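# A structural walkthrough
Listed below are the residues making up each chain.
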Amino acid sequence: MESGIISVDRWSQGSQAYFITHLHADHTRGLTPTWKWGPLFCSRITAKLFPSKFPGFKLSLLRILNLGHWYSLPLFSPSSGQPTTVQAMAIDAHHCPGAVMYLFRGEFGCMLFTGDFRWETTSHRAKIARDMLLKALKDEKLDTLYLDNTYCNPSYCFPSRDVAARQVINIITTHPNHDIVIGIDSLGKEDLLHYVSQELKIKIWVWPERLQTMHLLGFQDNFTTKTSLTRVRAIPRYSFSIETLEGLNMMRPTIGIMPSGLPWAKKIFKGKGNVIYPSPSCGVASTKIKRSNGDSLDVRIYNQYIYTVPYSDHSCFAEIKEFVELLQPTSIKGIVSSSASYVEPLYYFGDFCSTNQASRMSYKKLWYEERVERLEAIQIKSPVGSTNSNQVRRKRRRRSGLLVSQVNRVSILRRVRRGIKIMDTEFPS
DNA sequence: GCGATCAGTT
DNA sequence: CACAACTGATCGC
């Protein structure tokens, strides 16, 4: 393969310009403080967060793209070596802070790389992004859509984030005497926490590094690292578990809220407490919470201490469908391949594509043929490694009895550490 | 010590 | 049964 022109969320040497969609770790693998392979284009917010994520990174490599503007990059055609121009535009992806999609025009045609994105019809921000996209594509045909297909399956169906946020408020207000912990990652869900803070007129505890991030993002007053000030805490999702909640409940009545696009049903019978039977409709237990106005609200219960709320920073299937329908790309490629339920997006959306390829040939055939087409010069984060090989690898990971006990001990120690980390500053006696 | 890769967790 | 995002161990340099 020739060396590329541009790379999106890929960091190996050989491209002339690099683009980052957002700062989640699964999109920055290979990006290190000593990385140096070229100019790195990003949104203003990503640039602001960059130093704290990559201390020591050569910031002179960063190029900020304002949203909704075309930028011309004078580059070289990898095939001919002749000068060529690539135009790039960043558009709000409404995923996590700083997340953008990239629209490109060049000798390879016109293509859109969504990165991770949420396309809520109810959202004002999505409307702005939609107008930007349509304006930019007014006289242009979108040749290739690189799509966040995380939940690209009709079974993934969840409400907008403001509806899910209301559910969080309801869970908290129906537990007036409980401590609340909410599981979050290092970036994302800030709007949810801010909303909870505003609605309930309460500060939210976050761990120190997270408070720094909040401050960089402009949230100055709603968050604190002093546990005595609040009963609501946002904790790293990694330390959010049944065991953590059981531990916390030995000290104070506490419930956990997990915002996630997935219906957490997997370990529903594993908790020590009451067995909760999954409901046939969605595969998880649900309950009705009475609201003050007499309404009731469906809330999913994961175990006796944990509620899950369908708050997702990725688009649900209906939103992906609407997005593809709007853009009518000539071809589509899924960005995410790790899912065992991975489905080639064209299987669902072939009918929306302007050429009739999808109906003329099987989607699998189309998949193979696309892989050798003219866009080869562009290195893109595309599906690598089949589901099959993942399964094979997973099966090979059979653990010995010794290893199991070691792993368990390690994990117990880890949890103790987490527990201390979460608890040491927080329970005024 | 650094970076890449793998294993495992919620 | 599933995901995305993450941590920690280990290996080669």
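In this report, the structure presented in the accompanying data block is examined.

Thresholds applied
Residues numbered from 1 in each chain as written. Chains lettered and ligands numbered in written order. Predicted model: local features only at pLDDT ≥ 70, side-chain atom pairs only at ≥ 80, totals over all residues. Heavy atoms only, no water. Buried < 20%, exposed > 50% of the residue type's maximum accessible area, 1.4 Å probe, protein only. Helix = DSSP H or I, 4+ residues; strand = E, 2+ residues; numbered from the N terminus. Contact = heavy atoms within 4.5 Å. Expected span 1.5 Å × (residues − 1). Arc of directions from axis to C-beta. Polar contact = N/O pair within 3.5 Å; in protein donor to acceptor, adjacent residues only side chain to side chain. Salt bridge = Lys/Arg side-chain N within 4 Å of Asp/Glu carboxyl O. Axes fitted to C-alpha atoms, helices over the stretch in contact; angles between N-to-C directions. Parallel < 35°, antiparallel > 145°, perpendicular 65-115°, else oblique. Left-handed = near helix turned anticlockwise from the far one by under 90°. Nonpolar A, V, L, I, M, F, W, Y, C, P; charged D, E, K, R; others polar. 1 Å grid on protein atoms, 1.4 Å probe; cavity = no way out; pocket = protein on both sides within 12 Å on 5 of 7 lines; lining within 4 Å. Points joined across faces, edges and corners; volume = space filled by probe spheres on them. Domains from an automatic or database assignment. Phe/Tyr/Trp six-rings, centres within 6.5 Å; stacked < 30°, edge-to-face > 60°. Pairing = 2+ DSSP bridges. Core = buried A, V, L, I, M, F, W, Y, C linked by side-chain atoms within 4.5 Å.

### Here's the deal with helix α1 (residues 44-53)
- Within α1, the full set of buried residues consists of Thr46, Ala47, Leu49 and Phe50.
- In this structure, the buried side of α1 is in contact with β3 (40-42), β4 (62-64) and α5 (208-216).

### Considerations on helix α2 (residues 124-136)
- Under the 1.5 Å per step criterion, the end-to-end length of α2 is 19 Å for 13 residues, consistent within 8% with the ideal 18 Å.
- Within α2, the full set of buried residues consists of Ala126, Ala129, Leu133 and Ala136. All buried residues of α2 fall inside an arc of 90° around its axis, so they share one side. Every exposed residue of α2 that faces more than 90 degrees away from the buried side is listed here: His124 and Lys135.
- Contacts made by the buried residues of α2 are with β6 (83-92), β7 (100-106), β8 (109-113) and α7 (317-327).
- A side-chain oxygen of the first residue of α2 lies 3.1 Å from the backbone nitrogen of arginine 125; this N-cap is serine 123.

### Description of the pattern of salt bridges
- The final tally for this structure, using the stated rule, is 14 salt bridges.
- Note that aspartate 191 is salt-bridged to arginine 125, the shortest N-O span being 4.0 Å. Taken together, the residues span a long stretch of sequence, with aspartate 191 in helix α4 (residues 190-200) and arginine 125 in helix α2 at a distance of 66 residues.
- Owing to a relative accessible area of 36%, arginine 125 belongs among the partly exposed residues under this scheme.
- Across the pair aspartate 185 and arginine 237 runs a salt bridge whose closest N-O atoms are separated by 3.3 Å. Taken as a pair, aspartate 185 in the loop between β10 (179-184) and α4 and arginine 237 in the loop between β13 (232-236) and α6 (242-249) lie far apart in primary sequence, 52 residues in all.
- Residue aspartate 185 is classed as partly exposed on the basis of its relative accessible area of 31%.
- The exposure class of arginine 237 is partly exposed, given its relative accessible area of 39%.
- Here the residues in one salt-bridge network are Arg118, Glu120, Arg161, Lys189, Asp313 and Glu319, joined through shared partners.

### Quick word on the packing of helix α3 (residues 161-173) against α4
- The contact between α3 and α4 brings their axes to 10 Å, and the two run at 50°. Comparing the axis directions of α3 and α4 gives the class oblique. Considering only the axes of α3 and α4, their crossing is right-handed. For the pair α3 and α4, the contacting residues are Ala165, Arg166, Val168, Ile169, Ile172 and Thr173 in the first and Leu192, Tyr195, Val196, Glu199 and Leu200 in the second.
- Along the lines of polarity and charge, the residues of the contact of α3 with α4 split into eight nonpolar, one polar and two charged.

### So, unusual backbone geometry
- Of note in the backbone geometry, aspartate 9 takes a positive phi value of approximately 55° without being a glycine.
- By the element assignment, aspartate 9 lies in the loop between β1 (6-8) and β2 (17-19).
- Among the residues examined, aspartate 9 registers a relative accessible area of 3% and is labelled buried.
- At lysine 201, a residue that is not glycine, the phi angle is positive and equals roughly 50°.
- Tracing the chain through its elements places lysine 201 in the loop between α4 and β11 (204-205).

### Considering the layout of surface pockets
- Its volume calculated, the second largest pocket comes out at about 590 Å³.
- For the lining of the second largest pocket, the elements supplying multiple residues, two or more each, are α1, α3 and α4.
- Per-element accounting of the lining of the second largest pocket gives the leading share, four residues, to α4.
- Taken together, the residues that form the lining of the second largest pocket break down as 13 nonpolar, eight polar and ten charged.
- Counting the residues that make up the lining of the second largest pocket, at least three belong to each of domain 1 (6-154 + 314-367 + 414-421) and domain 2 (161-308).

### Section: the packing of aromatic side chains
- Within this structure, the stated rule accounts for 18 aromatic pairs.
- Look at tryptophan 35 and phenylalanine 57: their rings are 6.2 Å apart centre to centre, the planes differ by 15°, and that puts the pair in the stacked class. Taken together, the residues span a long stretch of sequence, with tryptophan 35 in the loop between β2 and β3 and phenylalanine 57 in the loop between α1 and β4 at a distance of 22 residues.
- The exposure class assigned to phenylalanine 57 is buried, which follows from its relative accessible area of 5%.
- Centroid distance phenylalanine 117 to tryptophan 119: 6.4 Å. Interplanar angle 50°. Geometry classified as tilted. Residue phenylalanine 117 shares its accessibility class with tryptophan 119, and that shared class is buried.

### Notes on the pairing of strand β17 (residues 306-309)
- By the alternation rule, side chains of β17 split into Ile306 and Thr308 and Tyr307 and Val309, which are all buried.
- Pairing geometry for strand β14 (residues 254-259) and β17, over four bridges, is parallel. What sits directly across from glycine 256, in β17, is isoleucine 306.

### Points about the nonpolar core
- Judged by nonpolar contacts, the single largest core of 63 residues is most densely connected at Phe19, Leu103, Phe104 and Phe323.
- With residues near it in sequence (within four places) discarded, leucine 103 still touches Trp70, Gln87, Ala88, Met89, Ile91, Cys110, Met111, Leu112, Leu133, Ala136, Leu137 and Leu142.
- The next biggest cluster of nonpolar side chains, apart from the first, holds 39 residues, and it includes Ala164, Trp207, Met214 and Leu248.

### Quick look at the environment of isoleucine 255
- Relative to the helices and strands, isoleucine 255 resides in strand β14.
- Expressed as a C-alpha distance, the spacing of isoleucine 255 and threonine 230, which sit 25 residues apart in the sequence, is 14 Å.
- If we skip the residues at most four places from it in the chain, isoleucine 255 touches Ile171, His175, His178, Asp179, Ile180, Val181, Leu245, Tyr305 and Tyr307.

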